[in-house]
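# Coordinate inspection notes
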Amino acid sequence: MACGVLNCNWLFLKSVPRFSAAAPRGNVTSLSLLSNRIHHLHNSDFLHLPNLRRLNLKWNCPPTGLSPMHFPCHMTIEPRTFLAMPTLEDLNLSYNGITTVPALPSSLVNLTLSHTNILVLDSTSLTGLHALRTLFMDGNCYYKNPCSRALEVAPGALLGLSNLTHLSLKYNNLTTVPRDLPPSLEYLLLSYNHIFKLEPGDLANLTALRVLDVGGNCRRCDHARNPCVECRNKTLQLHPDTFSHLSHLEGLVLKDSSLHTLEPRWFRGLENLTVLDLSENFLYDCITKTRAFQGLARLRKLNLSFNYCKRVSFAHRHLAPSFGNLASLQELNLNGIFFRSLSENTLKPLVRLPLLQTLNLQMNFINQAQLSIFGAFPNLSFVDLSDNRISGAPTLVKALGETGDENRVWLAPEDLAPAPLGKPKSEDFMPRCKGKFTLDLSGNNLVKVQSEMFTNLSRLRCLILSHNCISQAVNGSQFQPLISLQVLDLSHNKLDLYHGLSFTELPQLRALDLSYNSQPFGMQGIGHNLSFVSRLQKLQYLSLAHNGINSRVNPQLCSSSLQALDFSGNTVSSMWAEGDLYLHFFQGLKSLLRLDLSQNSLHTLLPRNLDSLPKNLTQLYLRNNYLAFFNWSSLVLLPKLITLDLAGNQLKALTNGTLPNGTHLRHLDVSGNSITFVAPGFFALATELRELNLSKNSLRTIESSWFGTLAGSLNVLDVSANPLHCTCGAAFVDFLLEVQHAVPGLPNRVKCGSPRQLQGRSIFAQDLRLCLDEALSWDCFGLSLLVVALGLVVPLLQHLCGWDLWYCFHLGLTWLPWRGPRGAQPLPYDAFVVFDKAQGAVADWVYHELRVQLEERRGRRALHLCLEERDWVPGKTLFENLWASIYGSRKTLFVLAHTDRVSGLLRTSFLLAQQRLLEDRKDVVVLVILSPDAHRSRYVRLRQRLCHRSVLFWPQQPRGQGSFWAQLGIALTRDNRHFYNRNFCRGPAAE
C-alpha cells in the first residue's frame, strides 16, 4: 500500500468500493476499476481519496455495439463526482455509455473518452482544463459503435486548451478537420473518418505539429479487413499547400487513401519528415517514376506496402531515381507490390543509400530473384523475401532481361488470398539475428539450394530458409560463398542428412536449425549420418526437434563446442530401449549445457539414463512426456543442473525421497501434472531453489512444511490453477500471504476448488457462512455419539430385560406430576402481514422484498408469514379469516406508507390486535413505515417512546438495508415486552 496503487480490475463491482480499512486515506494515488459493472457514479464516491492522481474506469458500461451482451448501457455521473479529486491528472472513461463530458477538475493532464456515446464537443465541454495535454476520443461513431450522425466538434471548442499537445479523433465519421484547433498541438490523429478533402485552411496555425495521421479516410476496399465504404472521390484530394506550413512535421500517415500519384508539392517544406506511411494505396506505377522524394533528405522510414494493381502481377518493377535522394533512409517496406522478377535494376536507386538497413519485399509473388544484388548495399542488415515464389537460382538469359514493365499477368482470386507475414517459431531456442545481416527466404518454393544463389553475399550472417520444399542431400557445397554465416534455419523442409560433410563449408556457423525435417527420417530402411556435427568447430546451437528420430542414426553425437541441443519431438524412449546401442547418444557432447528431451514418449527415466547425459548439463527439459515416477535422488548424477522442467507429465505425488542435499537446482517446473500430495520437507534441502512452478496440479493445500526455511528465499512460487480447499482459517492462506512477493497473480489467479460455493473464486473470497463453530461441532459430535450409543444399548436391553424395563418405565410415570395439559400447540404463523393492497408500491415491496427476505433468504431461520391473498381460506367471511390470522400468528406486522390516515382493513386489524392485548395480555403489534419523512401520528410517536424496537423505518440508503432486516427479524421472533422502556412502563407489559 505504500506505493498508493489499488487494482480492482475484473471484480464485477457495482459501486466504487471504500478502501479506508485497507489503505489509509491520502496514500492512494492510483486506482484502477477496469471491467467492472459500475453504472452510476455519485458525488461522494471519491471523497475519501483526495490525493488520487490516476483513475481508470474503462469497460464498466460499454455502448451497445461494444458490449459483449449487446444490451444498452448508460452510465450516470453526478455533477461533482470528479471535482472531489483536486489532484487528478489521468482519467480514463473509455468504453462507457456516457453521452456528455462530465465536470472535470482543472488539474487534469490526460483524458481518454474513447468508445463512448459522446457526439458533441462545444466550448463548454472541456472548459477550465488549462493543464490538459492529451485527449483521446477515438471510436465514438463507427461500425462497431454505430450512431446516427458524426462527431460534432464546434469551431474553437478546443481552442481554450492552450497546453494540448496530443489529440486523437480516429473512427468518428468526421467529414472535415475540426476548425480552430489549439496551436500547441504536436500529434493529431484523424485516421479512418470520412475526410475526403484536405486544404491548407484545415491545418491552419498548427505550426508545432510533429505527427499527422489522416490515413483510412478514402479507403481502397479490396484490401480492407473490416467494413469499408468506397472513397466518394476515388482518391483523397490534397491541395498542394496542405502541408507546406508544417515545417516541424516528423511523421505523416497517408495510408489507405486511394492515392494514384504523388505530387512533389505535397512534401514541399517538410525538411524534418522522418516517417512516411503510403501503404495500401494505388502507387504501383507512381513508384517507378515519381519525383516526390527528392526533398526528403531526412526520411528514415518509408512504407509503400500493398500498393498493388488489382488482380495484376507485373513482370518487373523499377524504383524511380528519386529514391536515391533519401540519404537518411533506414527502412523501406515494399511488401505486396506484386512483381515476379527481382533484378539488379529493380532496386538500383537504393544502392547509393548509406544508411539503409531494412528492406522488406514480402508477399510479392517473386519467382526469380538475383540475391547477389544485396551484396552491393553497404549497411544492409535485414532483407525479407519471405512468402514469395522463389524456386531457385535464376537463369541468366532472358529471365532477367528487362522486357518492359507492362508485361502483366492477371492473378486468379486464390492468388490474392491473404497470407501471414511471418511464421512464429514453436520455441525461442535459436539465437536472435537482430543487428546482423539477415536474409529471410522462408515460405518460398525452393526445392534445391545452389551456391550460385549466394554470390557476393560473403558478409551474410543469418540465412532463413524455413518452410520451403528443400529435399536435396546437403553435402558441404551448397553454401560455399557464405563464409561469414553464423545462423542457418532450415526447419520445415525435407533435408536428407546422409553426407558426413554437410554444412562443413560454413566455418563460422554457430546455430543450425534442422527441426521439422521428419520425412527422410520416416523412410523405412534409410540411414542418417549425423557425424557432421563433430566437424562444425564453432557450432553452439543445434535443433533436431520434431524429426521422429528413433533409429538408424549414429550411436553417439560428438561435439566439443555444442552448448544447446533441442531434441524434442523425437522418440528417445525407443532409442534407449535398444539396449546399450544409444545409451550414450548424448555423452559425446562435452560442452553441452542445455538439452531438451520434451515430447519423446518417455514413460520411465532410469538413473543410468541420467548418468549417460553430459556432466556439464545445467538445463534439462522433459516436458510433455509420460513420466509417472521420477527418482529425485538421481539428480546427484547431474551435479551442475540448475533448471529441471517436468511440466505436462503424469506425476501423482512428490513423495519418493526429497530433492537431494547439495543440489544446485534453481528452477523447478512440475506444472501440468496430477500432483495431489507433497511430502514434508521435500524442497527443504534444495537451498539454492529460487523458482518453483506447481501450477495446474491437483493440490488442495499448500503447506509451509514442504519448504522448511527455504520459503523466504523463493523468488517465484506459482500455485495457480490448483483446486485449493478454502476452509475457514486455512493455513495455506497465511503461508501464501507470508511469501506473497513470490506468488504471481495471488489476488486473482490463485482460486478455490472447493467447497462448491467458492469454486472458481479467489482464495480471499471466503464465505463466513461456511465457517464452523468449534463448540457447536463438539456438541454435534457428542449428540451423534449419544444417538449411536442409544441405538446399540436400547435394542440390547430390550432383548435381555424388555418386560422389566417396560414395567419400571410405566411405574415411574405414575409418580410424575401433571400440570395442566400436555402443552400448548405452537401457532401456525410467525407474523400476519397487514397492508393496503390498493397501494401498488407497498404491495410490491411486501411480495418482492419482505417475503423474499424473511421466508427465502434466512435459511433454517426462515419465518412463516400469513398473507391475505395466499393464506386466507376461500369461503370464509373476511372477519373470520382476519380473526384467524391475528389469533393464529405470533405477531401482527403493519406495513404503512404513511401514518396520518389509516382506514378499512388496517383499522379493523389494529382493533383486533388491541383486543388480543386486552384478552391475552400480549402485545403483538409491529410497525414498518416505508416513508420515514411522512407525517407521524400521535400513536406512532407514543409507541416509539414506549416500545422503540417495535417501530421500524425502511432505510433510503442501500447500505442500511442489512441492518433493517436484522432488526425486523428480532422484532418478529422476540416478545414485545422485552422492548418496553422501563422508565415509562409499569404493570404487565413491563414484567
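Rules of the game
Residues numbered from 1 in each chain as written. Predicted model: local features only at pLDDT ≥ 70, side-chain atom pairs only at ≥ 80, totals over all residues. Heavy atoms only, no water. Helix = DSSP H or I, 4+ residues; strand = E, 2+ residues; numbered from the N terminus. Rg over C-alpha atoms; globule rule 2.2 N^0.38 Å. Buried < 20%, exposed > 50% of the residue type's maximum accessible area, 1.4 Å probe, protein only. Areas by Shrake-Rupley, 256 points an atom, 1.4 Å probe, with all protein chains shown as cover. Lys, Arg positive; Asp, Glu negative; His and termini not counted. Charge placed at Lys NZ, Arg CZ, Asp CG, Glu CD. Pairing = 2+ DSSP bridges. Right-handed = clockwise from strand over helix to strand, strands pointing away. Disulfide = S-S within 2.5 Å. Phe/Tyr/Trp six-rings, centres within 6.5 Å; stacked < 30°, edge-to-face > 60°. Lys NZ or Arg CZ within 6 Å of the ring centre and 35° of its normal. Expected span 1.5 Å × (residues − 1). Contact = heavy atoms within 4.5 Å. pLDDT = per-residue confidence, 0-100. Core = buried A, V, L, I, M, F, W, Y, C linked by side-chain atoms within 4.5 Å. Axes fitted to C-alpha atoms, helices over the stretch in contact; angles between N-to-C directions.

Each helix and strand counted, the protein chain has 12 helices and 48 strands in total. For 991 residues, the compact-globule estimate of 2.2 N^0.38 gives 30 Å, and the C-alpha radius of gyration of the protein chain, at 41 Å, exceeds that figure by more than 25%. With 991 residues in all, the protein chain has 48% of them scored as buried. Of the roughly 47400 Å² of accessible surface on the protein chain, a fraction of 54% belongs to carbon and sulfur atoms. Charge centroids of the protein chain, computed over 94 positive and 74 negative side chains, lie 3 Å from each other.

Judged by how many residues are buried, strand E47 (residues 925-929) sits mostly within the fold: 5 of 5 residues are covered. Here E47 shows a buried face lined by Val-925, Leu-927 and Ile-929 and a second buried face lined by Val-926 and Val-928. The pairing of strand E46 (residues 889-896) with E47 spans 5 bridges and is classified as parallel. From the neighbouring strand, Phe-894 faces E47, where its bridge partner is Leu-927. Between the parallel pair E46 and E47, the chain is carried across by helix H10 (residues 905-920), and the sense of this crossover is right-handed. Bridge count for E47 against strand E48 (residues 951-953) is 3 bridges, and the pairing is parallel. Bridging from a neighbouring strand, Ile-929 pairs with Phe-953 of E48.

The next point concerns the state of the cysteines. Applying the stated criterion to the full structure yields 6 disulfides. The disulfide partner of Cys-433 is Cys-462, and the gap between their sulfur atoms is 2.2 Å. Looking along the S-S bond of the Cys-433-Cys-462 disulfide, the torsion reads about -100 degrees, which is the left-handed sense. Residue Cys-433 is located in the loop between strand E25 (408-410) and strand E26 (438-440), and its partner Cys-462 is located in strand E27 (residues 462-464); the two are separated by 29 residues in the primary sequence. The partner cysteine of Cys-726 in its disulfide is Cys-752, sulfur to sulfur 1.9 Å. Linking Cys-726 and Cys-752, the disulfide has an S-S dihedral of approximately -100 degrees and is accordingly described as left-handed. Of this pair, Cys-726 sits in the loop between strand E42 (724-725) and helix H5 (731-738) while Cys-752 sits in strand E43 (residues 752-754), and the two are 26 residues apart along the sequence. Assigned by exposure class, Cys-726 and Cys-752 land together as buried.

Okay, the packing of aromatic side chains next. Tallied over the full model, the rule gives 37 aromatic pairs. For the pair Phe-46 and Phe-82, a centre-to-centre distance of 6.2 Å together with 25 degrees between the ring planes defines the contact as stacked. With Phe-46 in the loop between strand E3 (40-41) and strand E4 (54-56) and Phe-82 in the loop between strand E5 (76-77) and strand E6 (90-92), the pair connects residues that are 36 residues apart, well separated along the chain. Phe-82 matches Phe-46 in its accessibility class, with the two residues each being buried. Through a chain of ring-to-ring contacts, the aromatic side chains of Phe-630, Trp-632, Phe-682, Phe-683, Trp-706, Phe-707 and Phe-735 assemble into a single cluster. Geometry around Phe-282 places Arg-220 over its ring, the cationic atom sitting 4.0 Å from the centre. The positively charged end of Arg-220 is found above the aromatic ring belonging to Tyr-308, 4.2 Å away from the centroid.

What follows covers H10. With 16 residues, H10 extends 22 Å between its outermost C-alpha atoms, agreeing within 8% with the 22 Å of an ideal straight helix rising 1.5 Å per residue. Packing partners of the buried residues in H10 comprise strand E44 (829-834), helix H9 (878-887), E46 and E47. With its phi angle positive at about 60 degrees, Arg-921 sits one or two positions after the end of H10.

Further remarks concern the confidence of the model for the protein chain. When pLDDT is averaged across the protein chain, the result is 86; 91% of the residues are at 70 or more. Here residues 410-427 is modelled with pLDDT under 50, and outside its nearest four sequence neighbours on either side it reaches 35 contacts, counting other chains as well. Long-range and interchain partners of residues 818-823, a stretch whose pLDDT sits below 50, account for 1 contact in this model, where long-range means more than four residues apart.

Attention now moves to the nonpolar core. With 215 residues, the main nonpolar core has Phe-374, Phe-503, Trp-632 and Phe-683 as its most contacted residues. Only strand E19 (312-314), helix H2 (532-535), helix H3 (572-576) and H5 provide two or more residues apiece to this core. If one sorts the elements of this core by residue count, H5 sits on top with 4 residues. Ignoring any residue separated from it by four or fewer positions in sequence, one finds Phe-374 in contact with Leu-342, Leu-347, Leu-359, Leu-361, Leu-380, Val-383, Leu-385, Phe-437, Leu-457 and Arg-459. Ranked by size, the runner-up nonpolar core spans 25 residues in total, among them Val-842, Leu-850, Leu-952 and Leu-972.

With parallel pairing, 5 strands are arranged side by side in an open sheet as E45-E44-E46-E47-E48. The open sheet has two edge strands, strand E45 (865-866) and E48, and neither has a second partner. Across the sheet, H9 is in contact with E44, E45 and E46; its angle to E46 comes to roughly 115 degrees. Packed on one face of the sheet, helix H11 (residues 938-946) meets E47 and E48 and runs near 115 degrees to E47.

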